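Architecture at a glance
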Amino acid sequence: MYFTGGQKLGTESWPRQPVGGPPPPTSPGYGIYRINQGSPASAPLAQHWQQQLLKCEIIRQSRSPHHRARASAMASRTVAKSAIPITNPNPNPKPPPEEPLLSDSPPLANGNASHPSSTVAPIAEPPRPRSEATWTSLDMGGVGIKNLPSNSGLFSFNFLTNLYLNHNGLIAIPPEIAQLRNLELLDLSGNALTTLPPELGMLVSMKEFYLFDNQIMTIPPEFGTLHQLQTLGVEGNPLDTNLKNLITKDGTPALIAFLRDSCPVSAPPQNRAWIPLITPVEQEALPPSTETISVVCYNILCQRAATVRLYGYTPSWALAWDYRRELILSEILAHGADFICLQEVDVTSYEDFFLKHLSEAGYESVYWPKSRAKTMSNENERRFVDGLATFFRADKYQLIEKHLIEFSAVAMQREDFKKTEDMFNRVLGKDHIATACAFENRDTGSRVLVANVHILWDPKFCDVKLVHVALMVEEVEKMAERFVKLPPRLWPEPETANGNVDSVDGIADSSFSSSSELSSPFPTTSSLPSSSLPPSSSSSSPPDSPSSKPSTRRQRPKPPTYTSASQIPLIFCGDFNSIPGSGVYEFLSTGTLRKDHPDFMGHVYGKYTGGAGSGPGSAGGNADGLKSWLGLKSAYAAPAHGVHGAHSRAPQSLHQQQQQPLPVSGTRTPGSTPAPGASNNLLSIPASTSLTHTSSSLLRSSTSSPSPELLPTTNYVSSFSGVLDYIWYSGSSLGVNAVLGQVDPVYMSKCVGFPNVHFPSDHICIMAEFRVKPPRETTSSSKDEHGHLPFS
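Quantities reported herein were computed from a predicted structural model and do not represent experimental measurements.

The next subject is helix α8 (residues 321-335). Under the 1.5 Å per step criterion, the end-to-end length of α8 is 21 Å for 15 residues, consistent within 8% with the ideal 21 Å. Positive phi shows up at G336, right after α8, with a value of about 60 degrees.

Structurally, N166 can be placed in the loop between β3 (162-164) and β4 (185-187). Only 2.9 Å separates the side chain of N166 from the side chain of H167, close enough to count as a polar contact. Those residues in contact with N166 that sit more than four places away from it in its chain are S62, R68, G141, G142, D187, L188, S189 and N191.

Applying the stated criterion across every chain, the model contains 26 salt bridges. Its salt-bridge partner being K374, residue E406 comes within 2.9 Å of it at the nearest N-O pair. In this pair, E406 sits in strand β12 (residues 397-406) while K374 sits in the loop between β10 (363-369) and α10 (379-382), placing the two residues 32 residues apart along the sequence. Taking the relative accessible area as the measure of exposure, E406 reaches 11% and is therefore buried. What makes K374 partly exposed here is its relative accessible area of 40%. Ionic pairing is found between E401 and R482, a salt bridge with its closest N-O pair at 2.5 Å.

Time to look at the confidence of the model for the protein. Per-residue confidence for the protein gives a mean pLDDT of 77, with 68% of residues at or over 70. By mean pLDDT, helix α16 (residues 654-659) is the weakest element of the protein at 33, and strand β8 (residues 292-299) is the strongest at 98. Confidence over residues 1-41 falls short of pLDDT 50; this stretch has 75 contacts with residues more than four positions distant or in other chains. Across residues 648-704, where pLDDT falls below 50, the model places 138 contacts with residues more than four positions away in sequence or in other chains.

Here we come to the side chain of S294. In this structure, S294 sits in strand β8. A polar contact is formed between the side chain of S294 and the backbone nitrogen of D338, at a distance of 3.0 Å.

Glancing now at the environment of A637. For A637, the position within the fold is in the loop between β19 (632-634) and β20 (647-648). Using a relative accessible area of 28% as the deciding quantity, one classes A637 as partly exposed. As for A637 and L710, which are separated by 73 residues in sequence, their C-alpha atoms are 6.0 Å apart. Leaving out residues up to four positions away in the same chain, A637 has contacts with P708, E709 and L710.

So, on to helix α5 (residues 252-262). Taken together, the buried positions of α5 are T252, L255, I256, L259 and R260. Seen end-on, α5 carries its buried residues on one side only, within an arc spanning 135 degrees. Contact partners of the buried residues in α5: β6 (231-233), α4 (241-250) and α7 (316-319).

Conventions and cut-offs
Residues numbered from 1 in each chain as written. Predicted model: local features only at pLDDT ≥ 70, side-chain atom pairs only at ≥ 80, totals over all residues. Heavy atoms only, no water. Helix = DSSP H or I, 4+ residues; strand = E, 2+ residues; numbered from the N terminus. Expected span 1.5 Å × (residues − 1). Polar contact = N/O pair within 3.5 Å; in protein donor to acceptor, adjacent residues only side chain to side chain. Contact = heavy atoms within 4.5 Å. Salt bridge = Lys/Arg side-chain N within 4 Å of Asp/Glu carboxyl O. Buried < 20%, exposed > 50% of the residue type's maximum accessible area, 1.4 Å probe, protein only. pLDDT = per-residue confidence, 0-100. Arc of directions from axis to C-beta.

The structure is reproduced here in structure tokens:
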């Protein structure tokens, strides 16, 4: 029987005394309950245990068929209204209307939340699945059900929030009940259950779970993930004494915390597979001197945000920074990428951990914390401000220019923003930043721009997300214009007396460096001479590479000539906190966004929205929304010609990486001869290798429409699962060889969310390998009105 409108059990107003009536004669805990109540020498019961006993007594009176459905129907009957309505003569003033949103935003769990969590999603919460009916509660209590088959249609009702199966004859609950992910109340009281399926731990939205009057002796440790559970009703069961004492004394949250921290470690997932995105024909047509660039992007979850309060389903020991940092370091070193773009790296973690260990592995770095760190007087607080870190292989690339993009400062300098109230009320209060770095290959002289960004998460500010991304794109465009005017720094090749090539260290002169860089009080660049690289480093050259044999070093080829800023390879990495289909994704993937896009939410931002200060005479001369000539594409965008198989590779030790060919930069296929500066490591994967995609039914989808991305999720928490992290690249100068694939879908189907014992962050690491396209020969007629080449 279906019902709506009535109160669920967990929200009723409980009487001061138990409701009368005899309890079931077979209740094992009833005698104890009566003795405790009547014995003057017994210790006073905790308030939470008194509440549980009262709930138990009320449920014992609900033995009749469809008791709650009938009670709800009676309570919802229409009552005749009086002829003269009685109203409050002094009504409370109405609160001011809230700003219009595209969709309802999830409530903030802690008032001024500064980070998404297990209960607060990083984007507007998608609507729950609903049936054509309006009911969300189902009462099947007291109807004599003896068995629930695993293929029962009941488990397809994933819109249910309340389910009553009390006072039946059930002896087991099938694991398929875990499909009802939206359940908040589950009543299994008065059955003959002896065990509970561990899969019930997947119901992380559960707040009330009643197991009164069964034959349960223990609680599965997997229940430790039920971090929102307020009441676990266990009275009337022969429960283990230790568990019973814990819940009696300290309550349900204490029991859940104990189960969470003592739960056995599950089996690790299978290794993530590489997804090749280049056809065999294209691969064969590439010249052997083709240069490759590999990039890792990873939001590592800063120390301050990794708390039990925000991630209640994660064991507290697995949230400890000392545990998580080792997993993070092992993963990024195992990939051996040319560039590592990290987000949410606080000052302490950068200076005391990553700087040391990645320098030993041959990486230099650029780092800035968020803007507020510059104005904080408390040094301890300042050291826990998170920021952006970009690491690069010092033996392969030289840093030419680094640039800090403080969105609030850049916005203040725009003439078309000065007259907009929304800029002061919404943009200036955010201290988010982006960084952009210009690099030159030490051997080939080829250039690349790498940007790193972490866009704010709050779904109430999707307009600010658009503004921040637009400002970042414009700053990178300016940087590319400066970069193309610089002569090659590594040509001609200097020689020393012994024939070795001198390394040219240091960044560009101050005339080509940003003012933000010069004024930053924080250490931003770490260096390690290439001669001090350890032989076992993941970034060291292969044994037979040119850098390892100075006496036989090949002559450096002439560096490429760049005549237009659009010819320089661009890579944008970061946590954009925006899903495919958002305004941010549309702008970056198409290069345009109309000024009345819904994500602007009706706010005014100069030329971006065609408001104050816009027009032909304003900055940029554009009142038609957002435009960019960068021609960016997502590395994980599904190719039109499909995917050409998958190659599985496990994270290996640095020693193993040197012994076995891997599909990442710094390695190459056996028997090939690399050109100077080119790793020649294009993937050689059998075409017969199959690729297994994640079934959408296994994961919580953020949207109902198909995603254009190859990964089903990059951010996985109990409140949200979807793609938020991206690696964008310039399609005219780079091509994608392969990307790192999804996490084992079988593992994900049994996982509540990240972080956990195997994944140290709520985000997963994403990685792509690119091949560099040589600059095209240009003529003045082939350029557009801005002097840029049209991108393909």
